[in-house]
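Spelled out from the first residue to the last, the chains are:
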Amino acid sequence: MVFKKCATAVLAAAFLTATGTAAIAAESLSFVSWGGTTQDAQKQAWADPFSEASGIRVVQDGPTDYGKLKAMVESGNVQWDIVDVEADFALRAASEGLLEPLDFKVIQRDKIDPRFVSDHGVGSFYFSFVLGFNQGKLGGKAPQDWTALFDTANYPGKRALYKWPSPGVLELALLADGVPADKLYPLDLDRAFKKLDTIKKDIVWWGGGAQSQQLLASGEASLGQFWNGRIYALQQDGAPVGVSWKQNLVMADFLVIPKGAKNKEAAMKFLANASSAKGQADFANLTAYAPVNIDSVSQLKGDLAPNLPTAYAKDQITLDYAYWAKNGPAIAARWNEWLVK
């Protein structure tokens, strides 16, 4: 309790220094994310301390919906102030004029890993897509890499895959089909979809992290593609799930402010707090997602290392979200046609 009060006092002092007043104009702002354990941790690590220090209530909303964000901006009726989005969408949305430019007089850009910051977005966290599996459903067998998803004889059951046309699924299909990691881009779409055709009837699609956890923990899916932090959360809860980090696929989420957000000034200060060394470390300690702030590492729990993407860099593939930002709409059109075939 003493530590909490001290931390709050330090954060409050930072707000006083930055604003010259204990209160910021907005009385509340909305924070939109993906739900489940990740958003719970964002609330605990970022929103609650921010509210206590600033007096600004942070209203949780979600899940993130790109179509809804775009519609809000285009209508001029923006109800969201801060949105957690995938990195490729952050770049594309900025190019389409859907986002506010960030104020780097408030946000410390030089403390953020350059891979995870842009003029219109700052990293929320970075993560890996990993191969997760329900130990009870596979009879003790432990799949080693993405090829297991396509081996229904040795690894029976449904496969859980991310349903949105974004980095991850097409890459893992190509890797499983023998494409070297350094030859993934530009994506061979014909080859990727042909590979996915072989298990299409066995796929169950998930659209958010909470749903992915339910599919795996319940055994509805025997194995699949998951965000590493969601697997960690299940394991902490005692669920019978295992994980393989081989060919883990690195991606990031960005925090963005929709163009026309009503509480832009307060949102900038929220982002400064969320991307700070302490904010990032607190979130990482709760989730096992990796921090984007370069000063956060010293604040991480010692036993967390084996659960972070940073521990598996040797066999890691960073997804090319700039490629996806440019080519995503065309890929999405083909993806959606394939889904309904």
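Just so we're clear, the structure is a prediction, and the values are computed from it rather than from any experiment.

Colleague: Looking at this structure, how should I read the pattern of salt bridges?
Modeller: Pairs can form between side chains of opposite charge once their charged atoms are near each other. In the structure shown here, the tally under the stated rule is 14 salt bridges. The salt bridge involving Glu100 is made with Lys264; its shortest N-O contact spans 3.6 Å. Highlighted residues: Glu100 in the loop between α4 (87–95) and β4 (117–118) and Lys264 in helix α9 (residues 264–274), separated in sequence by 164 residues. What makes Glu100 buried here is its relative accessible area of 8%. Taken together, the salt bridges that share partners define one network made up of Glu100, Lys259 and Lys264.

Colleague: Looking at this structure, I do not really get the layout of surface pockets. What am I missing?
Modeller: Over the atoms rolls a probe the size of a water molecule, and its path tells where empty space is left. Roughly 590 Å³ of internal volume is contained in the second largest pocket. What lines the second largest pocket is a set of 26 residues, among which Tyr66, Gly67, Arg92, Trp164 and Pro165 lie closest to the centre. Only α3 (66–75), α4 and α11 (321–339) provide two or more residues apiece to the lining of the second largest pocket. Top element by residues in the lining of the second largest pocket is α11. It accounts for 6 residues. By residue class, the composition of the lining of the second largest pocket is 12 nonpolar, 7 polar and 7 charged.

Colleague: I tried to follow the pairing of strand β2 (residues 57–61) on my own but got confused; where do I start?
Modeller: Where strand β1 (residues 28–32) meets β2, 5 bridges bridge the pair, whose relative direction is parallel. Bridge pairing in β2 places Leu29 opposite Val58. Handedness of the β-α-β unit built from β1, helix α2 (residues 36–54) and β2 comes out right-handed.

Colleague: What exactly am I supposed to notice about the confidence of the model for the protein chain here?
Modeller: In the predicted model, the protein chain carries a mean pLDDT of 92, and the fraction of residues at 70 or more is 92%. Here residues 1–10 scores under 50 on pLDDT; set against residues more than four positions off or in separate chains, the count is 4 contacts. Note on residues 12–25: pLDDT under 50 across the span, and 18 contacts to partners over four residues away in sequence or across chains.

Colleague: I keep staring at the packing of helix α6 (residues 189–197) against α11 and nothing clicks. Help me out?
Modeller: Helix packing geometry: the angle between the two helix axes and the distance between the axes. Put simply, α6 and α11 touch, their axes get as near as 12 Å, and they point 25° apart. By the angle between their directions, the pair α6 and α11 is classed as roughly parallel. α6 and α11 meet at a crossing whose hand is right-handed. For the pair α6 and α11, contact is made by Leu189, Asp190, Phe193, Leu196 and Asp197 and by Ile331, Arg334, Trp335 and Trp338, respectively. For the contact of α6 with α11, the per-class residue count stands at 6 nonpolar, no polar and 3 charged.

Criteria and thresholds
- Residues numbered from 1 in each chain as written.
- Predicted model: local features only at pLDDT ≥ 70, side-chain atom pairs only at ≥ 80, totals over all residues.
- Heavy atoms only, no water.
- Salt bridge = Lys/Arg side-chain N within 4 Å of Asp/Glu carboxyl O.
- Helix = DSSP H or I, 4+ residues; strand = E, 2+ residues; numbered from the N terminus.
- Buried < 20%, exposed > 50% of the residue type's maximum accessible area, 1.4 Å probe, protein only.
- 1 Å grid on protein atoms, 1.4 Å probe; cavity = no way out; pocket = protein on both sides within 12 Å on 5 of 7 lines; lining within 4 Å.
- Points joined across faces, edges and corners; volume = space filled by probe spheres on them.
- Nonpolar A, V, L, I, M, F, W, Y, C, P; charged D, E, K, R; others polar.
- Pairing = 2+ DSSP bridges.
- Right-handed = clockwise from strand over helix to strand, strands pointing away.
- pLDDT = per-residue confidence, 0-100.
- Contact = heavy atoms within 4.5 Å.
- Axes fitted to C-alpha atoms, helices over the stretch in contact; angles between N-to-C directions.
- Parallel < 35°, antiparallel > 145°, perpendicular 65-115°, else oblique.
- Left-handed = near helix turned anticlockwise from the far one by under 90°.

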